[in-house]
Amino acid sequence: MTSEPIQPESDPSDPTSLPPLFSTPPARPGRIRGGFSMRPGDEPPAPVPLDVVRRRHAATAGAGATGASVSDHENLDWGLVAAFRTLVATRLAAAMGEDWRSRASEPSETGTSGRIPMDRTAQEQEGWRAIEDLLTEHTADAVATGVQAWTPRQRAAMAQAIFDAVFRLGRLQPLVDDDRVENIFILGCRQVLLELTDGTRVPGPAVAESDEELIDFLRFLANRSESNPRPFSESTPRLHMKLDGGARLAATAWVVSRPTVVIRRHRHKVDTLEAWVERECLSPATANLLAAAVRAGWSIVVSGAMSAGKTTLMRALCAEIPREEAIGTFETEYELFLSESGNHEIVIDWESRPGVGEIGADGRAAGAFELGEALNDSFRFALSRQIVGEIRGPETWTMIKAMESGTGSLSTTHAANATACIRKLVTTAMEAGNHVTRDLALEKLVGCLNLIVQLNRRIESLPDGTQKLTRWVSEVVLVEPGEREVGYALEHLFGPSMNGAAQASGILPPQVLALSEFGFNPELFQAEADGQGWRP
């Protein structure tokens, strides 16, 4: 048995045929809650008695004549899955404890003893053993009591669903696995909307039997990480985390009318500027200039609205960094995945940690680790580049310090255009403290930031009734110090364009011409400007 999800046959050209995305499971009586953490030191939850689980199956099996029995993966009893999840999680916690006790009694190389936790692979193997044992016990009991036993297909579907509930995303897993889904909006347990890659939104299946069960599963996900668990409670009503496979989850509850979750899937975990040109998201001359600017060590900020493709473009820019350079990445939740691209030998990836302990006198939770701290620490790691996944707070001031070091920084932020981007960065830099005034932040920023790359997005309705989602680089702006009244000057090298990829302006300041030694092609730039170039 593998960890790959079981997918029934379907027509890949018809989104409504995606099982079990668009088939709502029948209502189930009752719910058995469970909680579990794989972190060392956590007490395992009280197990649900096995006879309770068996009675649930006997009840649903007895209703087979009315169509309520578990017949395949589409019609699983999710309450039963939740009950088994608790049992498996409890057995896994016990197995980890026994593993620790057996190893703790043995002297280590340093002559002391200590807990050696299982790695993820070992945990999954132990989980499969626990699942098989439980289902074998359940089947034997069903045969002994005359209850209709599962078919091999039903048993395999139940085993996979339990495994997904313990180690993966449970009922969310098929949605996250499907490449046609880009964003998942969960507005309470039963209102689910799937935004497809063309921008179309279609209804999805319920992901829990109640809002309370949805919150319970979100807590389970947040607490499951051994290295970076995240709090999610009435006192901490927000949750941001990376999911297995790279998707990003944002959730909130208690401060909204119903628990709300948004999951963003990353379609291009490894990307290139050439691929952006092929997708008609930027012009060849733009790609050429950006590649040269990255290789030259220029500091670049990618700006745009939400879902404009900022992180994806950042990956493409990072692919232009010479392989031998040591790179540091700084993110609230891992999204860049540069260590997985194979493009670079040294990638040190920092992730902030919100902390899960008591709030100290400084207003921070115990164990919290912020991006600003990571950036300060990174100056001791002999890095060639410092890359911030997203600038949105006081870490901007530390980012400016990194830019001033001349290593060539890359980062993203939310802004409507290049001018708004400057204002946003100055404002967030001032959040570092009263010592950072507007004039100081602006002077420092424009003295070290070289380029702003602005992104735009639009959903078009086509004549055949379908939709098309397009993203493009709408402007590339050179940032320079300006007159005292404004404090900065922006020179458009490309764009701006509201209808498609920005085109060359024909303006070539001396510092841009100097990029020729890093591969910039002035002839390509000028040819684009002379053809369908942008004019102010």
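As the structure is a prediction and not an experimental result, all values here were calculated from the model.

1. Some thoughts on the sheet that holds strand β2 (residues 192–196)
So, step 1. A sheet is described by the order of its strands in space; here 6 strands give the open sequence β3-β2-β1-β6-β5-β4, paired in antiparallel fashion. Looking at which strands have only one partner, the edges of the open sheet turn out to be β3 (201–203) and β4 (238–242). Put simply, the sheet's adjacent strands are angled 15° from each other on average, direction ignored.
So, step 2. Taken together, the 5 bridges between strand β5 (residues 248–252) and strand β6 (residues 260–264) define a ladder with antiparallel strand orientation. Its bridge partner lying in β6, R248 is registered against R264.

2. So, unusual backbone geometry
So, step 1. Omega for the bond connecting G495 with P496 falls within 30 degrees of zero, at 5°, which places this linkage in the cis form.
So, step 2. Here E280, not a glycine, exhibits a phi torsion of approximately 60°, which is positive.
So, step 3. Locating E280 in the fold gives a position in the loop between α7 (273–278) and α8 (284–295).
So, step 4. You can call E280 exposed: its relative accessible area is 64%.
So, step 5. Even without being glycine, S307 reaches a positive phi, approximately 65°.
So, step 6. Mapped onto the elements of the fold, S307 is located in the loop between β7 (300–304) and α9 (310–318).

3. Observations regarding the environment of L445
So, step 1. Along the chain, L445 falls in helix α14 (residues 438–448).
So, step 2. We classify L445 as buried; its relative accessible area is 2%.
So, step 3. For the pair L445 and E480, spaced 35 residues apart in the sequence, the C-alpha separation amounts to 9.5 Å.
So, step 4. With near-sequence residues (within four places) excluded, L445 lies in contact with I400, I422, L425 and V426.

4. Details of the pattern of salt bridges
So, step 1. Within this structure, the stated rule accounts for 23 salt bridges.
So, step 2. Overlapping salt bridges bring together D164, R168 and D177 as one network.

5. Considerations on the layout of surface pockets
So, step 1. The computed volume of the largest pocket comes to approximately 1100 Å³.
So, step 2. Forming the walls of the largest pocket are 45 residues, and the residues nearest its centre are R264, S307, A308, G309 and R471.
So, step 3. Going through the elements one at a time, β1 (181–187), β5, β6, α9, β11 (410–414), β12 (451–461) and β13 (467–481) are the ones with two or more residues in the lining of the largest pocket.
So, step 4. Residue contributions to the lining of the largest pocket peak at 5 residues, all from β13.
So, step 5. When grouped by side-chain class, the residues that make up the lining of the largest pocket number 13 nonpolar, 15 polar and 17 charged.

6. Focus on the sheet that holds β13
So, step 1. Spatial strand order, β9-β8-β10-β11-β7-β12-β13-β14: 8 strands in an open sheet with mixed pairing. At either margin of the open sheet sits one strand with a lone partner, and together these are β9 (346–351) and β14 (488–494). Taken pair by pair, the neighbouring strands of this sheet meet at an average axis angle of 25°, ignoring direction.
So, step 2. Pairing geometry for β13 and β14, over 6 bridges, is antiparallel. Within β14, the residue paired with E480 across the bridge is A489.
So, step 3. Taken strand by strand, helix α13 (residues 418–430) contacts β7, β11, β12, β13 and β14, and its axis lies near 140° from that of β14.

7. What about the nonpolar core?
So, step 1. The biggest cluster of nonpolar side chains holds 43 residues, and the ones touching the most others in it are L273, L290, L313, L317, I387, L451 and F494.
So, step 2. Contributions of two or more residues to this core are made by α7, α8, β7, α9, β12, β13, β14 and α16 (522–532).
So, step 3. A per-element tally of this core places α8 first, with 8 residues.
So, step 4. Dropping the residues within four chain positions of it, L451 is found in contact with L289, L290, A293, W298, S299, I300, V301, V476, V477, L478 and L493.

8. Things to note about the packing of helix α12 (residues 395–404) against α13
So, step 1. Here α12 crosses α13 at 110°, and the two axes come no closer than 6 Å. Accordingly, the angle class assigned to the pair α12 and α13 is roughly perpendicular. Facing α12, whose interface residues are T396, W397 and I400, α13 presents L425, T428 and A429.
So, step 2. Of the residues belonging to the contact of α12 with α13, the class tally is 4 nonpolar, 2 polar and no charged.

9. As for the packing of aromatic side chains
So, step 1. This model, assessed by the stated rule, comprises 8 aromatic pairs.
So, step 2. When the ring of F520 is compared with that of F525, the centres are 6.1 Å apart and the planes differ by 65°; the resulting orientation is edge-to-face. For the pair F520 and F525, one class covers both residues: buried.
So, step 3. Each member of the aromatic cluster is reached from another via a ring pair, and the members are W128, F163 and F167.
So, step 4. Positioned over the ring face of F220 is R85, at 4.4 Å from the centre of the ring.
So, step 5. Cation over ring: R201 sits above F185, and NZ or CZ is 5.0 Å from the ring centre.

How each quantity is defined
Numbers given to residues run from 1 along each chain, matching the order in which its sequence is written. Per-residue local features of the predicted model are confined to residues with pLDDT of at least 70, and side-chain atom pairs are confined, for both listing and counting, to 80 or more; whole-chain, interface and lining totals are unaffected and use all residues. To obtain the side-chain values, all non-hydrogen atoms of the structure were included, while hydrogens and water were left out. Here, a strand pair is defined by DSSP locating no fewer than two bridges between the strands. Each helix is a run of DSSP H or I of at least 4 residues and each strand a run of E of at least 2, with the numbering of both proceeding from the N terminus. The convention used is that axes are lines fitted to C-alpha atoms, helices contributing only their stretch in contact, and that angles between N-to-C directions extend from 0 to 180 degrees. Under the scheme applied here, a residue whose accessible area is under 20% of the maximum for its type counts as buried, over 50% as exposed, and between as partly exposed, the area being computed with a 1.4 Å probe on protein chains only. Contacts: residue pairs with any heavy atoms within 4.5 Å of one another. Salt bridge, as applied in this entry: a Lys or Arg side-chain nitrogen positioned within 4 Å of an Asp or Glu carboxyl oxygen. Only protein atoms enter the 1 Å grid, on which a cavity is a set of points fitting a 1.4 Å probe that cannot get out and a pocket is an open set with protein on both sides within 12 Å along at least 5 of 7 lines, lining residues being those with an atom within 4 Å of a point. Grid points are joined across faces, edges and corners, and a volume is the space filled by probe spheres set on the points. Polar here means any residue outside two lists: the nonpolar Ala, Val, Leu, Ile, Met, Phe, Trp, Tyr, Cys and Pro, and the charged Asp, Glu, Lys and Arg; Gly therefore counts as polar. Buried Ala, Val, Leu, Ile, Met, Phe, Trp, Tyr and Cys residues form a nonpolar core when they are joined through side-chain atoms within 4.5 Å. Angles below 35 degrees are treated as roughly parallel, those above 145 as roughly antiparallel, those between 65 and 115 as roughly perpendicular, and all remaining angles as oblique. Aromatic contacts are taken between Phe, Tyr and Trp rings whose centres are within 6.5 Å, Trp giving its six-membered ring; a plane angle under 30 degrees counts as stacked, one over 60 as edge-to-face, and the others as tilted. A ring has a charge above it when a Lys NZ or an Arg CZ is no more than 6 Å from the ring centre and no more than 35 degrees off the ring normal.

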